[in-house]
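# Structural description and commentary
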Amino acid sequence: MEEKQNNSNKLCNTAHSGSNPSAGRPVRVYADGIYDLFHFGHAGSLEQAKKLFPNTYLLVGCCNDEITHKYKGKTVMTESERYESLRHCKWVDEVIPNAPWVLTHEFLDKHNIDYVAHDSLPYADASGAGNDVYEFVKSIGKFKETKRTDGISTSDIIMRIVKDYNQYVMRNLDRGYTRKELGVSYVKEKRLRVNMRLKKLHEKVKEHQEKVGEKIQTVAKTAAMHPNVLVENADRWVAGFLEMFEEGCHKMGTAIRDRIQESLRLQNGEEDDEEYYDDNDDYEDEDDEYYDEEEYHDEEEKNK
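None of these values were measured; they are calculated from a predicted model. (Residues numbered from 1 in each chain as written. Predicted model: local features only at pLDDT ≥ 70, side-chain atom pairs only at ≥ 80, totals over all residues. Heavy atoms only, no water.)

### Some remarks on the side chain of Asp36
Turning to its location among the elements, Asp36 is positioned in the loop between strand E1 (27–33) and helix H2 (40–50). Buried charge Asp36 goes without a salt bridge, the closest partner of opposite sign being Arg82 at 4.9 Å. A polar contact is formed between the side chain of Asp36 and the backbone nitrogen of Met77, at a distance of 2.9 Å. In this structure Asp36 touches His42, Thr75, Val76, Met77, Arg82 and Thr154, once residues within four positions along its chain are discounted. (Helix = DSSP H or I, 4+ residues; strand = E, 2+ residues; numbered from the N terminus. Buried < 20%, exposed > 50% of the residue type's maximum accessible area, 1.4 Å probe, protein only. Lys, Arg positive; Asp, Glu negative; His and termini not counted. Salt bridge = Lys/Arg side-chain N within 4 Å of Asp/Glu carboxyl O. Polar contact = N/O pair within 3.5 Å; in protein donor to acceptor, adjacent residues only side chain to side chain. Contact = heavy atoms within 4.5 Å.)

If you want it as structure tokens, here you go:
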């Protein structure tokens, strides 16, 4: 918080050293962007813009979907949702919808804009030549720099969702969303559900192993057995317990798999009628692999 306040003070001091456009009225500062998945990094930049002068009227321009999708790419939120998010930010005095991608002298005059606030990174304009969107504003001395917030961006948030895609699909399926709403095929849904059940089963095995170990330690302390005898008996007790438990788990996993395969065969005709294709079936993820019961059983035998 102290560092953040210092940055704000530095920006204010820099702004105060410049000429005030008109004493007695608020300085009209303009900031623009896409503001998709509005987060605290966006709010932080708008706070800096608001605090550039002691008396600032902050206008925030937001590009519509058509321009954004053309020059930057698809957004998660619609233009209306992005406009509304900005209206709920306490630093914003006015939202300008359908903001232009490149600022012009006519736009600045229309809205009586004194300064434009943005981070100093160059942003490509619509010419395709790699020119900076803010080149014109910088050339006439009306550009005020704000600082980006490290560790947060819309792209980072989207990357987190993509990285844990399967978990978020299961989360929403459990909350009542249909597979079609999530763009997931019938086969994909069943595959995810099977893997989630097998993972929970695996976690239960580990949990029981830990409980058995704790009980053995308790028995050792109570009976004051000789360490070598304890280890020998413990190995035998654990081996016998896990053999019975894992055999049951193995049978359960096989039964689950057989039931799913039978359901898939019965639903095959329905799936053909749907002609529903899921792009995500081509996406391979380490969380999207079937458990091989024999390999799992062998692995547990090695860990004994």
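### Considering the UniProt feature "coiled-coil region" (unreviewed entry) in the chain
Per the UniProt record, "coiled-coil region" (unreviewed entry) is found at residues 191–218. From the first C-alpha to the last, residues 191–218 spans 41 Å; its make-up is 100% helix and 0% strand. (UniProt positions renumbered as here; feature names shortened; annotations may be inferred.)

### Remarks on the pattern of salt bridges
The final tally for this structure, using the stated rule, is twelve salt bridges. Across the pair Arg25 and Asp114 runs a salt bridge, and its minimum N-O distance is 2.9 Å. Here Asp114 lies in the loop between helix H5 (105–110) and strand E4 (115–118) and Arg25 lies in the loop between helix H1 (2–17) and E1, a separation of 89 residues in the sequence. Overlapping salt bridges, with partners in common, bring together Asp174, Glu189 and Arg193 in one network.

### Quick word on the layout of surface pockets
The space that makes up the largest pocket amounts to roughly 850 Å³. Lining the largest pocket are 36 residues, with Ile34, His42, Lys72, Tyr123 and Arg148 positioned closest to its centre. Contributing elements (two or more residues each) for the lining of the largest pocket: E1, H2, E4 and helix H7 (154–163). Top element by residues in the lining of the largest pocket is H2. It accounts for five residues. Its residues assigned to classes, the lining of the largest pocket comprises 15 nonpolar, 14 polar and seven charged. (1 Å grid on protein atoms, 1.4 Å probe; cavity = no way out; pocket = protein on both sides within 12 Å on 5 of 7 lines; lining within 4 Å. Points joined across faces, edges and corners; volume = space filled by probe spheres on them. Nonpolar A, V, L, I, M, F, W, Y, C, P; charged D, E, K, R; others polar.)

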